[in-house]
Amino acid sequence: MHRSTLSALLLATAAACSNGGSATDASSTGGDTTSATSTASGATEPTSTAGPPTTSDGPSSASGGSATDGGSPATGSTLTASTTDGDTAADGTDGISATDVSATDATDTSATHATDTDATDTDASTGASAVCGDGVLGPGEQCDDGNLDDSDACTNLCTPAACGDGILGPGEQCDDGNLDDSDACTNLCAPATCGDGLVQPGEECDDADMDDGDACLSTCKAASCGDGSVWAGVEPCDDGNALDTDACLSTCEAASCGDGFVWAGVEPCDDGNALDTDACLSTCEAASCGDGSVWVGVEPCDDGNALDTDACLSTCEAASCGDGFVRVGAEQCDDGNLVDGDGCESDCSVTVAQKLVFVSSQLYKGNLGGLAGADLKCQQLAQAAGLPGTYMAWLSTIQASPATRMTHAAVPYVLPNGVKIADNWADLVDGNIDHPIDITETGGPVPFGGPHCGLNARASVWTATRKNGTLYDEFWSCSDWTKDSGSGLWGNAKEEDDDWTESCTGDSCARPSSIYCFQQ
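In this text, all values refer to a predicted model and were calculated from it rather than measured experimentally.

**Comments concerning the overall build of the chain**
Part 1: Check the secondary structure of the chain and you find five helices and 15 strands.
Part 2: Here the chain holds 520 residues, and the buried ones make up 40% of them.
Part 3: As displayed, the chain offers around 25,300 Å² of accessible surface, 54% of which is attributable to carbon and sulfur atoms.

**Some points on the pairing of strand β8 (residues 355-359)**
Part 1: Within β8, five of the five residues are buried, leaving the element largely enclosed by the surrounding structure.
Part 2: Burial of the side chains of β8 extends over both faces: Lys355, Val357 and Val359 are buried on one face and Leu356 and Phe358 on the other.
Part 3: Of the pairings in the sheet, the one linking β8 to strand β10 (residues 413-414) comprises two bridges and is parallel in character. Directly across from leucine 356, in β10, lies its bridge partner valine 414.
Part 4: The pairing of β8 with strand β15 (residues 514-519) spans three bridges and is antiparallel. Bridge pairing links valine 357 to phenylalanine 518 in β15.

**Here we look at the state of the cysteines**
By definition, a disulfide is the covalent link that joins the sulfur atoms of two cysteine residues.
Part 1: Under the definition given, this model contains 16 disulfides.
Part 2: Here cysteine 321 engages in a disulfide with cysteine 348; their sulfurs sit 2.0 Å apart. Handedness here is read from the sign of the S-S torsion; for cysteine 321 and cysteine 348, about 105 degrees, the answer is right-handed. Of the two residues, cysteine 321 is situated in the loop between β7 (96-102) and β8 and cysteine 348 in the loop between β7 and β8; the sequence distance between them amounts to 27 residues.

**Considering the pattern of salt bridges**
Part 1: Tallied over the entire structure, the rule returns four salt bridges.
Part 2: In this structure, the salt-bridge partner of arginine 405 is aspartate 375, at a minimum N-O distance of 2.8 Å. With arginine 405 in helix α3 (residues 402-405) and aspartate 375 in helix α2 (residues 370-385), this pair connects stretches of sequence that are 30 residues apart.
Part 3: Of the charged contacts, one joins arginine 511 and aspartate 507 as a salt bridge, the two residues approaching to 3.5 Å between their closest N and O atoms.
Part 4: Under the relative-accessibility criterion, arginine 511 is labelled partly exposed at 32%.

**Some words on the side chain of glutamine 519**
Part 1: With respect to the helices and strands, glutamine 519 occurs in strand β15.
Part 2: Accessibility expressed as a relative area gives 12% for glutamine 519, which makes it buried.
Part 3: Looking at glutamine 519, its side chain comes within polar contact range of the main-chain nitrogen of leucine 356, at 2.8 Å.
Part 4: Of the polar contacts made by the side chain of glutamine 519, one reaches the backbone oxygen of proline 388; its length is 3.4 Å.
Part 5: When neighbours within four sequence positions are excluded, glutamine 519 is seen to be in contact with Gln354, Lys355, Leu356, Pro388, Gly389, Thr390 and Tyr391.

**A few points about the packing of aromatic side chains**
Part 1: If you walk through the whole model with that rule in mind, you get nine aromatic pairs.
Part 2: Each ring, one from tryptophan 500 and one from tyrosine 516, has its centre 5.5 Å from the other, and the planes form 55 degrees; the classification is tilted. Pair noted here: tryptophan 500 is in the loop between β13 (487-492) and β14 (504-508) and tyrosine 516 is in strand β15, with a separation of 16 residues, a long-range link.
Part 3: The class for tyrosine 516 is buried, based on a relative accessible area of 0%.
Part 4: Positioned above the aromatic ring of tyrosine 472 is the side chain of arginine 466, whose terminal nitrogen or guanidinium carbon lies 4.5 Å from the ring centre.

**Looking at the layout of surface pockets**
Part 1: Here the largest pocket is characterised by a volume of approximately 330 Å³.
Part 2: Lining the largest pocket we find 24 residues, and of these Val326, Glu331, Gln332, Leu387 and Pro416 sit closest to its centre.
Part 3: Per-class residue counts for the lining of the largest pocket are eleven nonpolar, ten polar and three charged.

**What to know about unusual backbone geometry**
Part 1: Residues other than glycine seldom take positive phi values, yet cysteine 284 does so here, at roughly 65 degrees.
Part 2: Tracing the sequence through the fold places cysteine 284 in the loop between β7 and β8.
Part 3: On the accessibility criterion, cysteine 284 (3% relative accessible area) is buried.
Part 4: Phi is positive for cysteine 348, which is not a glycine, with a value near 65 degrees.
Part 5: Residue classification places cysteine 348 among the buried positions, given a relative accessible area of 2%.

**With respect to α2**
Part 1: Compared with an ideal rise of 1.5 Å per residue, which puts 16 residues at 22 Å, α2 spans 23 Å between its outermost C-alpha atoms and is within 8% of the ideal.
Part 2: Of the positions making up α2, those classed as buried are Gly370, Leu371, Gly373, Ala374, Asp375, Cys378, Gln379, Leu381, Ala382 and Ala385.
Part 3: Tucked inside the fold, the buried residues of α2 contact β8, β9 (391-393), α3, α5 (478-481) and β15.
Part 4: Positive phi appears at glycine 386, one or two residues downstream of α2, with a value of about 80 degrees.

**Notes on the environment of tryptophan 231**
Part 1: Its place among the elements puts tryptophan 231 in the loop between β7 and β8.
Part 2: In this structure, the C-alpha to C-alpha distance between tryptophan 231 and alanine 215, residues 16 residues apart in sequence, is 6.7 Å.
Part 3: For tryptophan 231, the contacting residues outside a window of four places in its chain are Gly213, Asp214, Ala215 and Ala223.

**Thoughts on the side chain of aspartate 302**
Part 1: With respect to the element layout, aspartate 302 can be found in the loop between β7 and β8.
Part 2: The side chain of aspartate 302 sits in the buried core without any salt bridge; arginine 327 is the nearest counter-charge, 15 Å away.
Part 3: Polar side-chain contacts of aspartate 302 include one of 2.9 Å to the backbone nitrogen of glycine 292.

**Here's the deal with the environment of methionine 406**
Part 1: Following the sequence through the fold, methionine 406 ends up in the loop between α3 and β10.
Part 2: Separated by 13 residues in sequence, methionine 406 and alanine 393 have C-alpha atoms that sit 9.2 Å apart.

**Here we look at the environment of aspartate 134**
Part 1: When you line up the elements, aspartate 134 lands in the loop between β7 and β8.
Part 2: Under the relative-accessibility criterion, aspartate 134 is labelled partly exposed at 38%.
Part 3: As a C-alpha pair, aspartate 134 and aspartate 145 span eleven residues in sequence and 7.7 Å in three-dimensional space.
Part 4: When sequence neighbours within four positions are dropped, the list of residues in contact with aspartate 134 reads Asp144 and Gly146.

About the cut-offs
Residues numbered from 1 in each chain as written. Predicted model: local features only at pLDDT ≥ 70, side-chain atom pairs only at ≥ 80, totals over all residues. Heavy atoms only, no water. Helix = DSSP H or I, 4+ residues; strand = E, 2+ residues; numbered from the N terminus. Buried < 20%, exposed > 50% of the residue type's maximum accessible area, 1.4 Å probe, protein only. Areas by Shrake-Rupley, 256 points an atom, 1.4 Å probe, with all protein chains shown as cover. Pairing = 2+ DSSP bridges. Disulfide = S-S within 2.5 Å. Salt bridge = Lys/Arg side-chain N within 4 Å of Asp/Glu carboxyl O. Polar contact = N/O pair within 3.5 Å; in protein donor to acceptor, adjacent residues only side chain to side chain. Contact = heavy atoms within 4.5 Å. Phe/Tyr/Trp six-rings, centres within 6.5 Å; stacked < 30°, edge-to-face > 60°. Lys NZ or Arg CZ within 6 Å of the ring centre and 35° of its normal. 1 Å grid on protein atoms, 1.4 Å probe; cavity = no way out; pocket = protein on both sides within 12 Å on 5 of 7 lines; lining within 4 Å. Points joined across faces, edges and corners; volume = space filled by probe spheres on them. Nonpolar A, V, L, I, M, F, W, Y, C, P; charged D, E, K, R; others polar. Expected span 1.5 Å × (residues − 1). Lys, Arg positive; Asp, Glu negative; His and termini not counted.

Okay, here's the thing in structure tokens:
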């Protein structure tokens, strides 16, 4: 031991003795031995041998040469000096012994050789070791709540509970100890769910809203045609099916004429083009005769009307001589055959004298203005249609009848289309005619008036005339065709027997009907 160190120990011993401390003077059996030991805070000064003698003054007991003072300047401090060189100095009077201690006999274990036998931090004020969980905030601890509960605000590691520490703490629904937002537990320590704004396994997208009208559905599936939700600004429609026959196509386009798909219950057809010459018009209506469009390969013509007096018949066949319809401005007659000598030649010209007969295209009530008014109506209709000659109405009054006022022609009576109804007057009034008078001055069909004689609408014609051309009864002439009141007699323009002129009686003169007109 160094001399300076030994001197310090001796001084400490002296101080202890002066305060009632203890000093031990030990005598050796085989030689004088004086030892000095210092213990402070776990440090030890080992004994030094072969050093110079050291004298220690102080009281010594007779029994052992030691004096003990109950007071100590430092808890747990003991000083002992020893020597083995045989020199001992003792004061027999006061019991104080001095022992030479060789500096070379003392072993000084400095603080640099001290061994820390406890890895636990030590509280500097008390000397006690700091332990996580003791409720005392020690060195290296961020918190210490005095328990071993990992589910509260302070973990068992004495650190504050935090999301991502792997410990399920307060307010956390999960904690997987990582900062990976793509697994089952998010960085907010909440279970991953659709709508949290984080794309998790099994999710195609997650936009954190429940709007099904954008690119990401509320199911976290990417919006697509056929999902049943209309993607705003991208899809006009989306009905969730693959049908092309309803209002929304499988391409999520709104169904429309021309898309090539027949919209059931709305479109009769849809061929995907804008042509009007095939089976489906550009309006998605099925092509038909009279639609005004010529169906190539099917219709020779189609003028969009039902007239048979122009270049295209109502059957969409081109007008021709022999078709039975007089083409206005082109044919003089057309009796439906190409036989010469029957009044209408094979070129639809008239070479034999004949008288024209037609049923009026207009309907009239019983007040016709008398016979004169009725004759005027026939003449006006004929002239408007371009028919030659003078015309009179087939009507009877108490004053006159067809038999008394009309020309009894010796030539055939024919319709405007050339069809013969009688060979001459005698044939006309024999009770039957060859063909119904069912063609108007324009070549059109007879119009239908209202219900007559308890029957539904029919081709009724005012007559008050028997089949032989005489008055049927003055009671049935609407007061000689001057009133809309009273009753009349009608013929039927669809009949060939005597019904053509005397079909029914008893109904009102206010019922609109046609009149027969004969060329004179």
